[in-house]
Amino acid sequence: MSKSRFFSGQPIFNQLLSFVPATLIDKAARETNADSYYKQFKAFDHLVTMLFSSFHQCSSLRELVTGLLANEHRLNHLGLKKTPRRSTISDANRNRPVDFFSQLYHLLYQHHYPQHCPDSRTRNRLHDRLFIVDSTTISLFSTVMKGAGVKGLNGRKKGGVKAHVLMRAKDELPCFTVLTEAACSDRKFMQKLPLEPGSIIAMDRAYVNYTVMKDWTQNDITWISRVTKGMKIKVLERKKITSADKLIKRMEF
């Protein structure tokens, strides 16, 4: 068996956490009351524990706790005073507000952007205004994400979450994310998108919310979508693309 290099040299865990300032963790925990009613298992401990679970691809809380116990002597430098129990992690996953992790991500994005992002295309004004939105479903075992999934044909409930992601074209990096239950409709996410006048957003046919689309149009936000089955449209104008025989259609509902 090859020797694991996960903890060789300066631990990879430590290197990654060095990009997460403690001040931002404290700020996110304070703004979301993430540490209320928690005496020992603070938001920082929860963050480190879930990162460990992701890196080691743990499929259950039992596997997560076992992995932490096996590496307990190597995790002291991370600030974990002791390995949390399975019940403690389960309670935190159920009760700690998910807004803490969401807020922390956006704080990190604001902290590291734009000084650490490539700027080779910043002169292209279209890339500054162009946004792409999509979602992906993350399947998880019910022991890890209990109650977040939907029942299958066999009647069993499998845990799962859906990540709704907004990306600026020039960055190729999510600038806004929201996690919901896997069964949550994509159209509900459209109201939360922080788009400014002049923005251009490209999306799939799953994002169909006529009320939001109308508001975007009135606020000078250009949206691009695929036509869905049964959608009633009126073609206002057709323009040929010089590089292909396809047509661009400008429509209104």
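Residues numbered from 1 in each chain as written. Predicted model: local features only at pLDDT ≥ 70, side-chain atom pairs only at ≥ 80, totals over all residues. Heavy atoms only, no water.

Its 14 residues place the ends of helix H6 (residues 99–112) 20 Å apart at the C-alpha level, agreeing with the 20 Å of an ideal helix rising 1.5 Å per residue. Listing the buried residues of H6 in full gives Phe100, Leu104, His106, Leu107, Leu108 and Tyr109. The secondary structure elements touched by the buried residues of H6 are helix H2 (22–32), helix H3 (43–55) and strand E5 (173–181). (Helix = DSSP H or I, 4+ residues; strand = E, 2+ residues; numbered from the N terminus. Expected span 1.5 Å × (residues − 1). Buried < 20%, exposed > 50% of the residue type's maximum accessible area, 1.4 Å probe, protein only. Contact = heavy atoms within 4.5 Å.)

For the rest of this paragraph, the subject is the environment of Thr136. Mapped onto the fold, Thr136 is located in strand E1 (residues 130–139). As for Thr136 and Val161, which are separated by 25 residues in sequence, their C-alpha atoms are 8.5 Å apart. Setting aside residues up to four positions removed in sequence, Thr136 forms contacts with Val161, Lys162 and Ala163.

This next bit is on the side chain of His164. Relative to the assigned elements, His164 resides in strand E4 (residues 160–168). For His164, a relative accessible area of 0% translates into the label buried. When neighbours within four sequence positions are excluded, His164 is seen to be in contact with Asp134, Ser135, Phe176, Thr177, Val178, Thr180, Ser185, Asp186, Phe189 and Tyr207.

Our next topic: the packing of aromatic side chains. Tallying each qualifying case throughout the model produces two aromatic pairs. Here Phe100 and Phe101 contribute two aromatic rings whose centre-to-centre distance is 4.9 Å and whose plane-to-plane angle is 70°, an arrangement assigned as edge-to-face. Its relative accessible area of 0% is what places Phe100 among the buried residues. For the pair Phe176 and Phe189, a centre-to-centre distance of 6.0 Å together with 20° between the ring planes defines the contact as stacked. With Phe176 in strand E5 and Phe189 in the loop between E5 and strand E6 (200–202), the pair connects residues that are 13 residues apart, well separated along the chain. (Phe/Tyr/Trp six-rings, centres within 6.5 Å; stacked < 30°, edge-to-face > 60°.)

Our next topic: the pattern of salt bridges. Two side chains with opposite charge may pair up if their charged atoms get near one another. Here the structure, examined in full by the defined rule, presents four salt bridges. In this structure, Asp204 and Arg226 form a salt bridge, with 3.2 Å as the shortest nitrogen-oxygen distance. Of this pair, Asp204 sits in the loop between E6 and helix H8 (210–218) while Arg226 is found in the loop between strand E7 (222–224) and strand E8 (234–240), placing the two residues 22 residues apart along the sequence. Its relative accessible area of 29% is what places Asp204 among the partly exposed residues. The exposure class assigned to Arg226 is partly exposed, which follows from its relative accessible area of 45%. (Salt bridge = Lys/Arg side-chain N within 4 Å of Asp/Glu carboxyl O.)

This paragraph deals with unusual backbone geometry. Its identity as a non-glycine residue notwithstanding, Tyr37 has a phi of 70°, on the positive side. Considering the arrangement of structural elements, one finds Tyr37 in the loop between H2 and H3. Residue classification places Tyr37 among the exposed residues on the basis of a relative accessible area of 87%. Not every positive phi belongs to a glycine, and Gln57 is a case in point at roughly 55°. If you trace the backbone, Gln57 turns up in the loop between H3 and helix H4 (61–70). On the accessibility criterion, Gln57 (66% relative accessible area) is exposed.

Glancing now at the packing of H3 against H4. Here H3 crosses H4 at 100°, and the two axes come no closer than 10 Å. Taken as axis vectors, H3 and H4 run roughly perpendicular relative to one another. Contacts between H3 and H4 involve Thr49, Phe52 and Ser53 from the former and Leu64, Gly67 and Leu68 from the latter. Across the contact of H3 with H4, the residue classes break down as three nonpolar, three polar and no charged. (Axes fitted to C-alpha atoms, helices over the stretch in contact; angles between N-to-C directions. Parallel < 35°, antiparallel > 145°, perpendicular 65-115°, else oblique. Nonpolar A, V, L, I, M, F, W, Y, C, P; charged D, E, K, R; others polar.)

Read these as geometric descriptors, not functional statements.
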